[in-house]
Structures are given as C-alpha cells and as structure tokens.
Amino acid sequence: MEKQTIQPFLSVANYHLIEQQLNKMINAYNTTKDKNVILAVQGLVDTELTENLDLDPDQLKLIDQIYNIRDHTQSDVFLESLKLYVIPFKAVTASKLKSLFKKEKKLKLPKLESMDFHQICYLTWDDVSTHRKYIVLEQQGKLKAIKGNIDTNVIKGICAVCNRHSDVSLFTTKVKGQVTDTFTKYSNYICADSKNCNKNISDLQRLNDFFERVTH
Ligand SMILES: [Zn+2]
C-alpha cells in the first residue's frame, strides 16, 4: 500500500510547544545521568503534549520521534523536517493590511516578504517614527487588528502576550467608549522583541485573551 502523506496538522503555537519540550529534555540529558530524573522529565513532556495536541496514530508516530533525540543537532534536523506539517499564519497581502488599518492615513507597511509565516502566531510591526505598533492576529479564520503606541523604554517584566519574563515595553491602546468622545486606555507590557515573543507562544489562549482585553 502506498504510504499516506500526512497533511499539515500543527499550529505555529503547537510547533513552538514541541520545540520547548524538546529543549526541556535535551537540557535534562545534558545535566543528569540519573535515569529516574530523565524518565520523569520525559513523562512531563508526554503529559504536556498529550494535553495540548490532539493527534491521530500517524501524527503521533511522527511526534514520538522526539523521544529518540538526544542533542541539539538532532533536534534542529527534526524541527526543520517538522515545518512541513505546520499550518502557517493566514496569508496576508499589503492591501489586506491597509484594509485592516484603514483609519491610518500614513500606514507604514511591514516587509511581508521577509517574514516567516511558519514561525509567527501573530503578525506585528512598528513604525519607529511615530512609535506606533500594529498587531494582526487570526481568530476563527479571520484577521483581527490592534494598533497602539509602544513606549521606547525597555524594562524587565512579564509579557502580557507570551507570559514570559523578558525585555518588555509598554503598549497602550485606546478604545472608543459608549459615550461619544470618550475613550478607554489599556496599557500592557509586551515583549520588545516580537520575534522572541512569537517563539515563546505555545498556547494561543493568552494571545486571544490579550486581544479581547484591549479591544473591548
Ligand atoms: Zn512576549
């Protein structure tokens, strides 16, 4: 029988989760020879993956290869091959971005061609001249947009998007209130480096919660 090809089945966040779990195991292999400790770490990884990924037997067989990986060289090869199974961020064009931010008269667009859509859970870029930050995310197949001001000051703190302790900046959004000419301001610390932030995201819930919080 012909070998069945596996269709892309991992979200970008799923991919990051697998990468993080792999790193956790490699870290254990490098720091201990104690079999029980290693088994315990593998057990934790297994629980984490089972709870977050809903895999059919073929997909499971593919992911289970991580338990044979012992170092970063093997891990890099595996993660590269796994990219084939990642569902990228929804394809977006410059005109689509313009329509998402149609109130912005001088919208500065990001360099879409230099973005790796297989690595981002959300799309973001800054206009450094105006301190504007634009964020686009996907919810139920639809693109949603947020814009706000990003402070130039970078401090250590917890990011509201990925929940990691990192270098963060204050991001402030303004939402129209019920009464005309009233606004509600929301300020959140988020990662100054959005590439890193995206890499940290292994669960989209917090990103979606963040969006709900700053847009209502
Ligand atoms: Zn972050």
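Calculation notes
Residues numbered from 1 in each chain as written. Predicted model: local features only at pLDDT ≥ 70, side-chain atom pairs only at ≥ 80, totals over all residues. Domains from an automatic or database assignment. Contact = placed C-beta atoms within 7 Å. Nonpolar A, V, L, I, M, F, W, Y, C, P; charged D, E, K, R; others polar. Helix = DSSP H or I, 4+ residues; strand = E, 2+ residues; numbered from the N terminus. Buried ≥ 20, exposed ≤ 12 C-beta atoms within 10 Å, placed from the backbone. Expected span 1.5 Å × (residues − 1). Core = buried A, V, L, I, M, F, W, Y, C linked by C-beta atoms within 7 Å. Pairing = 2+ DSSP bridges.

Undergrad: I keep staring at the domain arrangement of the protein and nothing clicks. Help me out?
TA: How big an interface is tends to be reported as the loss of accessible area on association of its parts. Split into domains, the protein comes out as domain 1 (12-85) and domain 2 (94-215). One C-alpha centre belongs to domain 1, the other to domain 2; they are set 30 Å apart. Listed per partner, the contact involves six residues of domain 1 and nine residues of domain 2. Its residues assigned to classes, the side of domain 1 that touches domain 2 shows three nonpolar, two polar and one charged.

Undergrad: Would you take a moment to explain the environment of isoleucine 120 for this structure?
TA: Mapping isoleucine 120 onto the fold places it in the loop between α5 (94-100) and β1 (122-127). Isoleucine 120 sits in the buried class, given 21 other C-beta atoms within 10 Å. Counting along the chain gives 77 residues from isoleucine 120 to cysteine 197, while the straight-line C-alpha distance between them is 9.2 Å. Those residues in contact with isoleucine 120, other than ones at most four positions away along the chain, are Val12, Phe89, Met115 and Asn198.

Undergrad: Looking at this model, I keep getting lost on helix α2 (residues 35-52). Mind explaining?
TA: The periodicity of an α-helix, 3.6 residues per turn, causes residues three or four places apart in sequence to face the same way. Over its 18 residues, α2 runs 26 Å from end to end, which matches the ideal 26 Å to within 8%, given 1.5 Å per residue. Among the 18 residues in α2, one count as buried, and that is only a small part of the element.

Undergrad: Mind showing me how you'd approach the nonpolar core here?
TA: Most often, soluble globular proteins keep nonpolar side chains buried together rather than apart. By size, the foremost hydrophobic cluster in this structure holds 36 residues, and its most contacted members are Ile18, Tyr122, Cys159, Val161, Ile190, Cys191 and Leu207. The set of elements that each furnish at least two residues to this core consists of α1 (12-31), β1, β2 (132-139), β3 (142-150), β5 (165-176), β6 (183-191) and α7 (205-215). No other element matches the five residues that α1 contributes to this core. Excluding residues within four positions of it along the chain, leucine 207 makes contact with Cys121, Tyr122, Leu137, Val161 and Ile201.

Undergrad: Help me understand the pairing of β5 in this model?
TA: A regular strand places its side chains on the two faces of the sheet in alternate fashion. Across two bridges, the pairing between β3 and β5 is antiparallel. Paired with isoleucine 150 across the bridge in β5 is phenylalanine 171. Linkage of strand β4 (residues 155-158) to β5, two consecutive antiparallel strands, is achieved through a turn of six residues, within which asparagine 163 is found at a positive phi near 70 degrees. The hairpin formed by β5 and β6 contains six residues between the paired strands, and aspartate 181 there has a positive phi angle of roughly 65 degrees.

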